[in-house]
Amino acid sequence: MNNIPKIAMGAWAWGNDGTFGDNYTLESLKAVYETAVEKGLNLWDTAVVYGMGTSEKILGELSKETVRDNLIFSTKFTPQIEDKTPDAMQNMLNGSKERLHTDTIDIYWIHNPMDVEKYTPMIIPLAQSGQIRQIGVSNHNLAEILRANEILGKAGLKISAVQNHYSILNRSSEESGILDYCKKNDIVFYSYMVLEQGALSGNYNTKNPFPENSDRGRAYNPIMPDIEKLTQVMKSIGIKHNINTAQVAIAWSIAKGTVPIVGVTKVHHVEDAAQASNVILTEEEIRELETTADSLELSTIRYWEKKME
């Protein structure tokens, strides 16, 4: 699959699951979608589990008038919600195709490594039948990626994409060798939570924390004083490039050779992402960001994932 944009548009929050504090509707997201299309940001990342089909349905409705060949759809099989039948993955894929109004999914992901031996073989007939163009794995560590690729290799297939939590504050996919493995094996690495769900956006700090009883509040508010030390450095670097703090995080992830998945719920999210994709940070700036982050010794590994070791 050619012409992958530097940035993927993330539709996680479109599922209205409460994680992000707002309810998003087709009407409120229409301008967001249209702005992305105008700017050539045509790779959309979603999943059945994002609002149990809500995110896919909204994306499917908004994209109906767009020429299908101009879109790249990325969605996921989540083992925890499978229907316990031999055709579980096929059945979940069928639902995704229906909601997205397409016969083919460009990147289909096994959402987590709940059982590599069980679920990796299930994706083989989906690829062989042409229903999916690329195979991706998400939240897998290096050993699990290697094993999945071994299973796929016996069928003449391979992993084309890896998607893990990767940010200035969480570089475990780099430290564990996953990024190097991807580069050496022609695998695109997609980084999610580049902004740490807004904690690295510059919009939140000790004086303006996340809502206390929110999921994000519980995760980030206790470490906000340390996060502020990093966002101050990000802000100063951003001033040099005439970009904001969030855009520095996006530019950093691109500089690291990854495709960041940027959650977009407002038009300016798309515009900021597009501008950030044209910014080139210096090696010194990248080193300053990472040295600052390392000195904080923070862990932003969330409850659904693990450290990549």
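Q: Can you walk me through the overall build of the protein chain in this structure?
A: Secondary structure summary: the protein chain contains 12 helices and 8 strands in total. By the compact-globule yardstick of 19 Å for 309 residues, the protein chain fits well, its C-alpha radius of gyration being 19 Å. Principal-axis analysis of the C-alpha atoms gives the protein chain an extent of 50 × 45 × 40 Å. Across the protein chain, every contact between residues at least 6 apart in sequence was considered, and the portion connecting residues at least 24 apart equals 78%. Summing over all exposed atoms, the protein chain offers an accessible surface of approximately 13600 Å²; the carbon and sulfur share of this is 48%. Where the 30 positive side-chain charges of the protein chain centre and where its 40 negative ones centre are 1 Å apart.

Q: Explain the sheet that holds strand β3 (residues 72-77) here, please?
A: Strands belonging to one sheet form pairs held by backbone hydrogen bonds; the direction of such a pair is parallel or antiparallel. Strand order in this closed barrel of 8 strands is β1-β2-β3-β4-β5-β6-β7-β8, and the pairing throughout is parallel. The sheet shows a mean angle of 30° between the axes of neighbouring strands, direction not considered. Relative to strand β5 (residues 132-138), strand β4 (residues 105-110) runs parallel, the two being bridged by 5 bridges. Paired with I105 across the two strands is I132, which belongs to β5.

Q: I tried to follow unusual backbone geometry on my own but got confused; where do I start?
A: In terms of backbone geometry, most residues other than glycine have negative phi values and most peptide bonds are trans. Here H101, not a glycine, exhibits a phi torsion of approximately 55°, which is positive. By secondary structure assignment, the location of H101 is in the loop between α3 (88-100) and β4. For H101, a relative accessible area of 43% translates into the label partly exposed. Phi is positive for N139, which is not a glycine, with a value near 60°. When you line up the elements, N139 lands in the loop between β5 and α5 (142-153).

Q: Sorry if this is basic, but what is going on with the pattern of salt bridges here?
A: A pair can form between side chains of opposite charge whenever their charged atoms are brought close. Under the counting rule described, the total for this entry stands at 16 salt bridges. K64 is paired through a salt bridge with E61; the nearest N and O atoms lie 3.3 Å apart. The partly exposed category is assigned to K64, whose relative accessible area is 45%. One salt bridge in this structure joins K118 and E82, with 3.2 Å as the shortest N-O distance. Here the residue K118 occupies a position in helix α4 (residues 116-128), and E82 occupies one in the loop between β3 and α3, the gap between them amounting to 36 residues. Residue K118 is classed as partly exposed on the basis of its relative accessible area, which comes to 39%.

Q: What exactly am I supposed to notice about the packing of helix α9 (residues 224-241) against helix α10 (residues 245-255) here?
A: How two helices sit against one another is set out by the angle between their axes and by the gap between those axes. Relative orientation of the contacting elements α9 and α10 amounts to 85°, with a least axis distance of 8 Å. Put simply, α9 runs roughly perpendicular to α10. Here T231, M234, K235, I237 and G238 of α9 come into contact with α10, specifically with T245, V248 and A249. For the contact of α9 with α10, the per-class residue count stands at 4 nonpolar, 3 polar and 1 charged.

What counts and what doesn't
In this convention, every chain numbers its residues from 1, walking through the sequence in written order. A pLDDT threshold of at least 70 governs which residues receive local features in this predicted model, and a stricter bar of 80 or more applies before side-chain atom pairs are shown or counted, although totals over entire chains, interfaces and linings include all residues. Hydrogens and water are ignored here; the side-chain numbers use all heavy atoms of the structure. For helices the rule is a DSSP run of H or I covering at least 4 residues; for strands it is a run of E covering at least 2, with both sets numbered from the N terminus onward. As defined in this context, the radius of gyration uses C-alpha atoms, and a globule is described by 2.2 Å times the residue total to the power 0.38. Residue contacts follow a heavy-atom distance rule, with two residues in contact if any of their heavy atoms lie within 4.5 Å. Using a 1.4 Å probe, the Shrake-Rupley method yields the accessible areas, and only the shown protein chains count as cover for residues. Only four residue types enter the tally: Lys and Arg on the positive side, Asp and Glu on the negative side; His and the chain ends are excluded. The atoms used to mark charge sites are NZ of Lys, CZ of Arg, CG of Asp and CD of Glu. Two strands qualify as a pair provided that DSSP identifies no fewer than 2 bridges between them. Helix axes are fitted only over the stretch in contact, all axes being lines through C-alpha atoms; the angle between N-to-C directions runs from 0 to 180 degrees. Here's how the labels work: a residue is buried when its accessible area is under 20% of the maximum for its type, exposed when over 50%, partly exposed in between, all with a 1.4 Å probe on protein chains only. Just to be clear on terms, a salt bridge is a Lys or Arg side-chain nitrogen sitting within 4 Å of an Asp or Glu carboxyl oxygen. Any angle from 65 to 115 degrees is called roughly perpendicular, while one under 35 is roughly parallel, one over 145 is roughly antiparallel, and all others are oblique. Amino acids are sorted into nonpolar (Ala, Val, Leu, Ile, Met, Phe, Trp, Tyr, Cys and Pro), charged (Asp, Glu, Lys and Arg) and polar (every other residue, Gly among them).

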